[in-house]
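Working through the structure, step by step
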Amino acid sequence: LIVALYLFFYLIFYKDLPPIKTMIKAKIHDKEIERLAILKSYSILDTLAEKDYDNLAKLAAEICQTPISLITLLDDKRQWFKSHHGLDISETPIEQSFCAHAITGDEEIFTIKDARNDARFHDNPLVTGDPSIVFYAGIPLKNSTGLPLGTLCVIDKEPRTLTVEQKDLSKS
């Protein structure tokens, strides 16, 4: 009904209405059932913080010079943060997840220079509201068979590009 009303008014007053915005959700991983079973088998979701993970997240933020870094694990409903540096929440809905795009893509490092200008994310609540994500770079964390379970990611509130050195250090 809302879309119908919007279209009605758009047709009458089209020049005065903003364009319809819709966040593009990540596709489902080709082996999602297997991926979720493996993630569950590790019994790591909702566990307490661990210093080694926190140190790794902090190191990623320092290398990439970003205020936020996360170690995420993605189940079917959310992305849960095993470690979060510079962010006080412990999870977000999977529909809002940048990391869900990272684990289903082909890139070694999934990078969004400016989410405000990216059709997939421009109206994402994590972009338009707190924490105001602009830059995102995430490396899929894969098990021994190559299935991605989550990411190591860095986030900034400003547009940026990782240097070759930052990319190399992040992958190692």
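Everything discussed here concerns the structure shown above.
Residues numbered from 1 in each chain as written. Predicted model: local features only at pLDDT ≥ 70, side-chain atom pairs only at ≥ 80, totals over all residues. Heavy atoms only, no water.

**What about the packing of aromatic side chains?**
Summed over the entire model, instances satisfying the criterion amount to three aromatic pairs. For the pair phenylalanine 98 and phenylalanine 121, a centre-to-centre distance of 4.0 Å together with 5° between the ring planes defines the contact as stacked. Taken together, the positions of phenylalanine 98 in helix α4 (residues 98-104) and phenylalanine 121 in the loop between β4 (110-112) and α5 (125-128) put the pair 23 residues apart, joining distant regions of the chain. One exposure class covers both phenylalanine 98 and phenylalanine 121, and it is buried. Seen from their ring centres, phenylalanine 110 and tyrosine 136 are 6.0 Å apart, and the 65° between their planes marks the pair as edge-to-face. With phenylalanine 110 in strand β4 and tyrosine 136 in strand β5 (residues 135-142), the pair connects residues that are 26 residues apart, well separated along the chain. There is no split in this pair, since phenylalanine 110 and tyrosine 136 are both buried. Through successive ring pairs, a cluster of aromatic residues spans Phe98, Phe110, Phe121 and Tyr136. Across from the ring centre of phenylalanine 135, 5.9 Å away, lies the NZ or CZ of arginine 160, which sits over that ring. (Phe/Tyr/Trp six-rings, centres within 6.5 Å; stacked < 30°, edge-to-face > 60°. Helix = DSSP H or I, 4+ residues; strand = E, 2+ residues; numbered from the N terminus. Buried < 20%, exposed > 50% of the residue type's maximum accessible area, 1.4 Å probe, protein only. Lys NZ or Arg CZ within 6 Å of the ring centre and 35° of its normal.)

**Brief notes about helix α2 (residues 32-41)**
Along an α-helix, residues three or four positions apart point the same way, because every turn accommodates 3.6 residues. The complete set of buried residues in α2 reads Glu32, Arg35, Ile38 and Leu39. Within α2, the buried residues cover an arc of 130° as seen down the axis, which keeps them to one side. Set apart from the buried face of α2 by more than 90 degrees, the exposed residues are Ile33, Lys40 and Ser41. Here the buried face of α2 lies against β1 (68-74), α4 and β6 (148-156). Two residues or fewer after α2 comes serine 43, characterised by a positive phi angle close to 50°. (Arc of directions from axis to C-beta. Contact = heavy atoms within 4.5 Å.)

**So, the sheet that holds β4**
Whether parallel or antiparallel, the strands of a sheet pair through hydrogen bonds between backbone atoms. Read across the open sheet, the six strands follow the order β3-β2-β1-β6-β5-β4; overall the sheet is antiparallel. With partners counted over all chains shown, the strands left at the sheet margins are β3 (91-93) and β4, one partner each. Taking each pair of neighbouring strands and ignoring which way they run, the sheet shows an average axis angle of 25°. In this structure, β4 lies alongside β5, joined through three bridges in antiparallel fashion. Along β5, the bridge assignment pairs threonine 111 with alanine 137. Of the strands in this sheet, β1, β2 (78-85) and β6 touch helix α3 (residues 51-64), which is tilted by about 80° from β2. (Pairing = 2+ DSSP bridges. Axes fitted to C-alpha atoms, helices over the stretch in contact; angles between N-to-C directions.)

**Considering the environment of threonine 151**
Considering the arrangement of structural elements, one finds threonine 151 in strand β6. Expressed as a C-alpha distance, the spacing of threonine 151 and leucine 70, which sit 81 residues apart in the sequence, is 7.7 Å. In contact with threonine 151, other than residues within four places in its own chain, are Leu70, Ile71, Thr72, Cys99, Ala102, Ile103, Tyr136, Ile139, Pro140 and Leu141.

**Things to note about the state of the cysteines**
For the structure on display, the rule yields zero disulfides. Free cysteine: cysteine 99, not disulfide-bonded; nearest cysteine sulfur from cysteine 153 at 3.9 Å. (Disulfide = S-S within 2.5 Å.)

**Section: unusual backbone geometry**
With an omega of 15°, the peptide bond running from aspartate 130 to proline 131 counts as cis. Note on placement: proline 131 falls in the loop between α5 and β5. At glutamine 65, a position not held by glycine, the phi torsion is positive, near 55°. Within the secondary structure layout, glutamine 65 lies in the loop between α3 and β1.

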